[in-house]
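# Descriptive analysis of the structure
One letter stands for each residue in the lines below.
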Amino acid sequence: METNKVKQIHSFGQSIWLDFIDRAFIGNGKLKALIDDDGIRGVTSNPAIFEKAISSSDMYDADIQALSDGTRTTEEVFFGLAIKDIQDACDLFKELYNEGEVKGADGYVSLEVSPFLALKGDETFEQAKLLWKQVDRENVMIKIPGTQPGLDAIRKSIAQGININVTLLFGLPRYEEVALAYIAGLEDHLAAGHEIAHISSVASFFLSRIDVLVDPLLDEKGLGEYKGEVAIASAKKAYEIYKRVFSGERWEKLAAKGAKPQRLLWASTSSKNPAFKDTKYVEALIGADTVDTVPLETIEAFRDHGVAANTLEQDLDKATELLDKVAAAGIDLAVLTQKLEDEGIEKFNAPFEKLLKAIEENKGK
């Protein structure tokens, strides 16, 4: 029997990805150790992660100087730094990407388009194509925010055969739109005469941020006993949507051509409330054909005291009942999830601006 508790999760059909990257972590063998020891099956990054990595290390300084030759914008210098890390991480996961009955079942590393483009669909699509070409690894995923303008960029990118990680999803209606955009993109790619079996995508549904916003409102409405549960209930309902969308005649036509379903990925999985168990969100949503991207400290916590069980489809009736109670109390999740999307864009813009400023200052050294 598998004794590593993180690896136990994989026995239920869920892949654990690491929500962290930096050059030292790749170079000193720690990422490789996580792959070997804990069975980590992918990596996600975002502007905040790269800001911390580049600002807190001198390992990037030489590359910043080399890239700052007057022909690149500061943002292009950043992507030059990030692409090198992403390529190195992709290479570490290449064996995993190639193994198994289905090539590309796992082994992906994600790189996000500029957060400044979150509400600019055409520019997002153009940058997704550029980053895909520059990284030049079949196991990279380009991250596109699941905003309203992002939907067309997602479809067009999939139609180009680009692997996409859709990020910043909070609401159920938008999640379904994203899943349908993926399917439409596959249909477009197929109609253009291309194979689709190599294309992969995940839809990143954010968890703990929902509870941070909703929990105080639950207290106000006399529903305090449900604190920390609305995000989990929403995720369970998202999985119901996933199972419905990726079934039936339309999907079966694509599956017959080798199409992979766009897996749900649980993001923002660290507990923000110290009253909650630090492995709460991981334990609550373990289930087949999903991904959980987890920060390093949460992986370490789960390895120490996590409980792996097939929980995702437990108590679905209670999840429905809770969301009905929330609505009946006058808490409008559609309004709140849109607020979270808007705030999420800003939470990536701020560190990206800070990062670009740090690179500018480094240029002058």
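Because the structure is predicted, anything quoted here is derived from the model rather than measured. (Residues numbered from 1 in each chain as written. Predicted model: local features only at pLDDT ≥ 70, side-chain atom pairs only at ≥ 80, totals over all residues. Heavy atoms only, no water.)

Attention now moves to the overall build of the chain. Looking only at helices and strands, one finds 16 helices and 8 strands in the chain. Computed over its C-alpha atoms, the radius of gyration of the chain comes to 20 Å, within 12% of the 21 Å expected for a compact globule of 365 residues. Principal axes of the C-alpha set define a box for the chain whose edges measure 60 × 50 × 45 Å. Counting every atom, the chain has about 15300 Å² of accessible surface; 51% of that belongs to carbon and sulfur. Seen as two clouds, the 43 positive and the 61 negative side-chain charges of the chain have centres 1 Å apart. (Helix = DSSP H or I, 4+ residues; strand = E, 2+ residues; numbered from the N terminus. Rg over C-alpha atoms; globule rule 2.2 N^0.38 Å. Areas by Shrake-Rupley, 256 points an atom, 1.4 Å probe, with all protein chains shown as cover. Lys, Arg positive; Asp, Glu negative; His and termini not counted. Charge placed at Lys NZ, Arg CZ, Asp CG, Glu CD.)

Estimated volume of the largest pocket: approximately 550 Å³. Around the largest pocket sit 25 residues that line it, and D19, N46, I49, R209 and P295 are the ones nearest its centre. Where the lining of the largest pocket is concerned, the elements lending two or more residues are helix 4 (47-55), strand 5 (164-169), strand 6 (201-206), strand 7 (263-267), helix 14 (296-305) and helix 16 (333-363). Among the elements that make up the lining of the largest pocket, the one with the highest residue count is helix 4 (3 residues). For the lining of the largest pocket, a count of residues per class yields 9 nonpolar, 9 polar and 7 charged. E229, I232, K236, D315 and K318 are, among the 16 residues lining the second largest pocket, the residues nearest its centre. The set of elements that each furnish at least two residues to the lining of the second largest pocket consists of helix 11 (230-245), helix 13 (280-284) and helix 15 (316-328). Here the lining of the second largest pocket takes 5 residues from helix 15, the largest share from any one element. (1 Å grid on protein atoms, 1.4 Å probe; cavity = no way out; pocket = protein on both sides within 12 Å on 5 of 7 lines; lining within 4 Å. Points joined across faces, edges and corners; volume = space filled by probe spheres on them. Nonpolar A, V, L, I, M, F, W, Y, C, P; charged D, E, K, R; others polar.)

With that settled, the discussion passes to the side chain of S201. Along the chain, S201 falls in strand 6. Taking relative accessible area as the criterion, S201 reaches 1% and is therefore assigned buried. Only 2.6 Å separates the side chain of S201 from the backbone oxygen of I164, close enough to count as a polar contact. Sequence-distant contacts of S201, that is, excluding residues within four places in its chain, are made with M141, I158, I164, Y182, P261, Q262 and R263. (Buried < 20%, exposed > 50% of the residue type's maximum accessible area, 1.4 Å probe, protein only. Polar contact = N/O pair within 3.5 Å; in protein donor to acceptor, adjacent residues only side chain to side chain. Contact = heavy atoms within 4.5 Å.)

The tally for this structure, following the rule as stated, stands at 13 aromatic pairs. Ring centres 5.3 Å apart and planes at 50° place the aromatic pair F170 and F206 in the tilted group. In this pair, F170 sits in the loop between strand 5 and helix 9 (172-191) while F206 sits in strand 6, placing the two residues 36 residues apart along the sequence. For F170, a relative accessible area of 3% gives the class buried. Seen in terms of ring centroids, Y239 and Y242 are 5.5 Å apart; in terms of plane orientation they differ by 15°. Their pairing is stacked. One end of the pair is Y239 and the other is Y242, both in helix 11 and 3 residues apart, which spans about a single turn. A relative accessible area of 6% places Y242 in the buried class. An aromatic cluster of at least three residues, connected via ring pairs, comprises F50, F78, F79, F116 and F352. Across the ring face of F348, the terminal group of R209 is positioned such that the distance to the ring centre comes to 5.9 Å. Above the plane of the ring of F276 lies K280, whose end atom (NZ or CZ) is 4.8 Å from the centre. (Phe/Tyr/Trp six-rings, centres within 6.5 Å; stacked < 30°, edge-to-face > 60°. Lys NZ or Arg CZ within 6 Å of the ring centre and 35° of its normal.)

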